[in-house]
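A closer look at the structure
So the chains spell out like this:
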Amino acid sequence: QVQLVESGGGLVQAGGSLRLSCAASGRTFSMYTMAWFRQAPGKEREFVAAITWNGGFTYYADSVKGRFTISRDNAKNTVSLQMDSLKPEDTAVYYCATDSAPFKVDIRGMDYWGKGTLVTVSS
């Protein structure tokens, strides 16, 4: 059974940094694209960043480009999201997700999700 467990959320002031981590199990992690999504109060869940199975390519939403960095460690089955220059509008629950099939990138095709970790950015 695939499990994704996020950690690292918390309260931070605007301009600060946080690093989120996602621990994955139950799948050959190194074969799958991983992604981060977020959902702010009263809004739909939105894509934040993705990284291909070997870390060769990364993708970012325009709203976080240049501020957030996604990375992965296939030896440890973890994917991380380094968030710098945080803004109040980054406040959301952040979710880790895995693509539904190996060796592809389909942001709309994520099939397993973690329970999320809350990030709150105060102004």
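Shown above is the structure to which this text applies.
I will try to describe carefully the structure that is included in this document.

Structural notes on the overall build of the protein
Of regular secondary structure, the protein possesses zero helices and 11 strands. Put simply, the protein runs from its N terminus to its C terminus through helices and strands in the order β-β-β-β-β-β-β-β-β-β-β. Expected size for 123 residues packed as a compact globule is a radius of gyration near 14 Å; at 13 Å, the protein falls within 12% of this value. The buried share of the protein, reckoned over its 123 residues, is 39%. A fraction of 58% describes how many contacts in the protein between residues 6 or more apart in sequence connect residues 24 or more apart. Carbon together with sulfur atoms contributes 49% to the accessible area of the protein, which is approximately 6,400 Å² in total.

Quick word on the state of the cysteines
Applying the stated rule across the entire model yields one disulfide. Here cysteine 22 connects covalently by a disulfide to cysteine 96, the sulfurs 2.1 Å from one another. One quick way to see it: the torsion about the S-S bond of cysteine 22 and cysteine 96 is about -80°, and its sign makes the bridge left-handed. Taken together, the residues span a long stretch of sequence, with cysteine 22 in strand 3 (residues 18–25) and cysteine 96 in strand 9 (residues 92–99) at a distance of 74 residues.

Section: the side chain of arginine 38
Relative to the assigned elements, arginine 38 resides in strand 4 (residues 34–39). Polar side-chain contacts of arginine 38 include one of 3.5 Å to the side chain of serine 63. A distance of 2.9 Å separates a polar atom in the side chain of arginine 38 from a polar atom in the side chain of aspartate 90. Setting aside anything within four residues of it in sequence, one finds arginine 38 in contact with Glu44, Arg45, Glu46, Val48, Ser63, Val64, Phe68, Glu89, Asp90, Ala92, Val93 and Tyr94.

Thoughts on the packing of aromatic side chains
According to the stated counting rule, one finds three aromatic pairs in the structure shown. Three or more aromatic residues link up through ring pairs in this structure, and these residues are Phe37, Phe47 and Trp113. Looking at arginine 45, its charged tip hangs above the ring of tryptophan 113, at a distance of 3.7 Å from the centre. The ring of phenylalanine 29 carries arginine 72 above its face, with NZ or CZ at 4.3 Å from the centroid.

So, unusual backbone geometry
In terms of backbone geometry, most residues other than glycine have negative phi values and most peptide bonds are trans. The residue serine 85 is not glycine, and still its phi comes out positive at about 50°. Within the secondary structure layout, serine 85 lies in the loop between strand 8 (78–83) and strand 9. Overall, the relative accessible area of 42% leaves serine 85 in the partly exposed class. Positive phi outside glycine occurs at phenylalanine 103, with the angle close to 55°. Examined against the element boundaries, phenylalanine 103 turns out to sit in the loop between strand 9 and strand 10 (110–113). Residue classification places phenylalanine 103 among the partly exposed residues on the basis of a relative accessible area of 47%.

Rules used in this analysis
- Residues numbered from 1 in each chain as written.
- Predicted model: local features only at pLDDT ≥ 70, side-chain atom pairs only at ≥ 80, totals over all residues.
- Heavy atoms only, no water.
- Helix = DSSP H or I, 4+ residues; strand = E, 2+ residues; numbered from the N terminus.
- Rg over C-alpha atoms; globule rule 2.2 N^0.38 Å.
- Buried < 20%, exposed > 50% of the residue type's maximum accessible area, 1.4 Å probe, protein only.
- Contact = heavy atoms within 4.5 Å.
- Areas by Shrake-Rupley, 256 points an atom, 1.4 Å probe, with all protein chains shown as cover.
- Disulfide = S-S within 2.5 Å.
- Polar contact = N/O pair within 3.5 Å; in protein donor to acceptor, adjacent residues only side chain to side chain.
- Phe/Tyr/Trp six-rings, centres within 6.5 Å; stacked < 30°, edge-to-face > 60°.
- Lys NZ or Arg CZ within 6 Å of the ring centre and 35° of its normal.

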